[in-house]
Amino acid sequence: MVADAQAPLPLFADLIGQPLAVNLLEAALRTQRLAPAYLFAGPDGVGRRLAARRFLEGVLSDGAASDRQRRRLEAGNHPDLLWVEPTFQHQGRLLTRAEADEAGISRRTPPQLRLEQIRAVSRFLGRQPVEAPRGMVVIEAADAMPEAAANALLKTLEEPGQGMLILLSAAPEQLLSTIRSRCQLIRFLRLDAADLQSVLTRCDATAEDSEELLAMASGSPGALMAHRQQLQELPSELLARLTERPGSARDALALARDLTEALDGEQQLWLLDWWQHMLWRRGNGATSLRRLETLRRHLLGFVQPRLAWEVALLDLVN
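Report on the accompanying structure. (Residues numbered from 1 in each chain as written. Predicted model: local features only at pLDDT ≥ 70, side-chain atom pairs only at ≥ 80, totals over all residues. Heavy atoms only, no water.)

**With respect to the sheet that holds strand β7 (residues 184-187)**
Consideration 1: Ordered in space as β2-β5-β6-β1-β7, the five strands form an open sheet in which the pairing is parallel. The open sheet has two edge strands with one neighbour each: β2 (81-84) and β7. The mean inter-strand angle of the sheet, taken between neighbouring strand axes irrespective of direction, is 15°.
Consideration 2: Bridge analysis of β2 against strand β5 (residues 136-139) gives four bridges, and the strand direction is parallel. Within β5, the position partnered with Leu 82 by the bridge is Val 137. (Pairing = 2+ DSSP bridges. Helix = DSSP H or I, 4+ residues; strand = E, 2+ residues; numbered from the N terminus. Axes fitted to C-alpha atoms, helices over the stretch in contact; angles between N-to-C directions.)

So, in structure tokens, the structure goes:
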């Protein structure tokens with residue numbers, strides 16, 4: 001007697017710690033009451049991207065899991081899916097974070113969603129789908145849009161046609177209220193300790209983490225793994241010097257020079273986050289933390305990075 005084939009796992013079986021989001025998405029697929037636009041809002045690294053892929057898999061396969069569709073979506077080769085990421089502008093080209101890393105391009109500011117990318121979304125949704133009943137667009141870090149791009153997206157949301165958009169955002173309050181009002185909100189939560197450990201075990205990514213990294217991750221396994229990588233890429237000697245804080249003006253100026261020569265802009269901002277968490281854990285006063293917030297504003301602005309670090313470190317000399 002031939003055994004029955006093993007039943008497929010539920011569509012969202014690998015999305016851990018998000019029962020509310022799963023219930024809402026499963027209900028939409030079951031009833032086929034699909035909104036033209038969704039806003040997946042919640043911390044980075046808690047499963048929003050995975051949920052978007054699984055939801056689109058359900059859209060393409062009548063609410064069921066499908067190995068074929070899953071492989072296509074994860075490979076990014078479905079003709080009716082456009083996945084949009086923030087980009088860096090370099091020599092007239094738009095590069096994703098992965099492309100910029102591969103090219104070894106130094107970045108001072110975070111990537112953005114550009115106006116030309118949002119216009120490409122409108123063109124994509126305006127064409128006839130090849131296989132699926134509708135065109136599908138996922139926009140990562142939707143809050144990383146300047147005003148012109150946000151207004152262009154709003155026009156697309158006002159007339160989405162038969163298409164479907166999924167916006168992913170860790171800071172939905174930074175989106176235009178008119179954009180938020182045109183999307184069905186799906187909330188994603190930080191994971192508790194048990195779910196966090198479950199995800200890390202599944203990813204074979206368990207390790208001893210410092211209190212600073214755990215605090216920075218705030219219940220996000222994806223963020224924790226990204227922070228681990230960031231920490232590993234930083235020179236340990238610079239971390240030690242920053243931990244001890246400079247003891248003289250000469251030490252402060254030398255540390256500012258070495259930090260800005262060794263680290264790009266994103267690494268400097270990450271290091272600043274780590275340093276703030278470390279100072280907070282050690283019980284340093286509010287004055288030091290406020291000074292570091294001023295440094296953050298300078299690094300994100302147009303102040304020369306070495307000068308910004310010099311001023312901050314001189315103020316914090318022991």
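Now that the structure has been shown, we can carry on.
**Some remarks on helix α6 (residues 147-158)**
Each turn of an α-helix holds 3.6 residues, which means side chains three or four residues apart point in the same direction.
Consideration 1: With 12 residues, α6 ought to run about 16 Å at 1.5 Å a step, and its terminal C-alpha atoms sit 17 Å apart, in line with that.
Consideration 2: In the core, the buried residues of α6 are packed alongside β1 (37-41), α5 (115-126), β5, β6 (164-169) and α7 (177-181). (Expected span 1.5 Å × (residues − 1). Contact = heavy atoms within 4.5 Å.)

**Details of the packing of helix α8 (residues 193-202) against helix α10 (residues 221-233)**
Consideration 1: The geometry of α8 relative to α10 is characterised by a closest axis approach of 9 Å and an angle of 60° between their N-to-C directions. Overall, the two elements α8 and α10 adopt an arrangement that is oblique. Relative to α10, the crossing made by α8 is right-handed. Contacts between α8 and α10 involve Leu 196, Val 199 and Leu 200 on the former and, on the latter, Pro 221, Leu 224, Met 225 and Arg 228. (Parallel < 35°, antiparallel > 145°, perpendicular 65-115°, else oblique. Left-handed = near helix turned anticlockwise from the far one by under 90°.)

**Remarks on the nonpolar core**
Consideration 1: Ranked by internal contacts, the top residues of the largest apolar core, which has 65 residues, are Tyr 38, Phe 40, Phe 55, Ile 166, Leu 271, Trp 274 and Trp 275.
Consideration 2: Ranked by residue count, the leading element in this core is helix α13 (residues 265-281), at eight residues.
Consideration 3: Excluding its chain neighbours within four sequence positions, the residues that come into contact with Phe 55 are Phe 12, Leu 25, Ala 28, Leu 29, Leu 34, Tyr 38, Phe 40, Met 164 and Ile 166.
Consideration 4: Judged by nonpolar contacts, the second largest core, of 24 residues, contains Val 137, Ile 139, Ala 152 and Leu 154. (Core = buried A, V, L, I, M, F, W, Y, C linked by side-chain atoms within 4.5 Å. Buried < 20%, exposed > 50% of the residue type's maximum accessible area, 1.4 Å probe, protein only.)

**Notes on the packing of helix α2 (residues 48-60) against helix α3 (residues 67-75)**
Consideration 1: The N-to-C vectors of α2 and α3 enclose an angle of 135°; their axes lie 9 Å apart at closest approach. Overall, the two elements α2 and α3 adopt an arrangement that is oblique. Judged by the sense of rotation from one axis to the other, the crossing of α2 with α3 is right-handed. Counted together, Arg 53, Arg 54, Leu 56, Glu 57 and Leu 60 of α2 and Gln 69, Arg 70, Leu 73 and Glu 74 of α3 form the full contact between these two elements.
Consideration 2: Residues belonging to the contact of α2 with α3 are distributed by class as follows: three nonpolar, one polar and five charged. (Nonpolar A, V, L, I, M, F, W, Y, C, P; charged D, E, K, R; others polar.)

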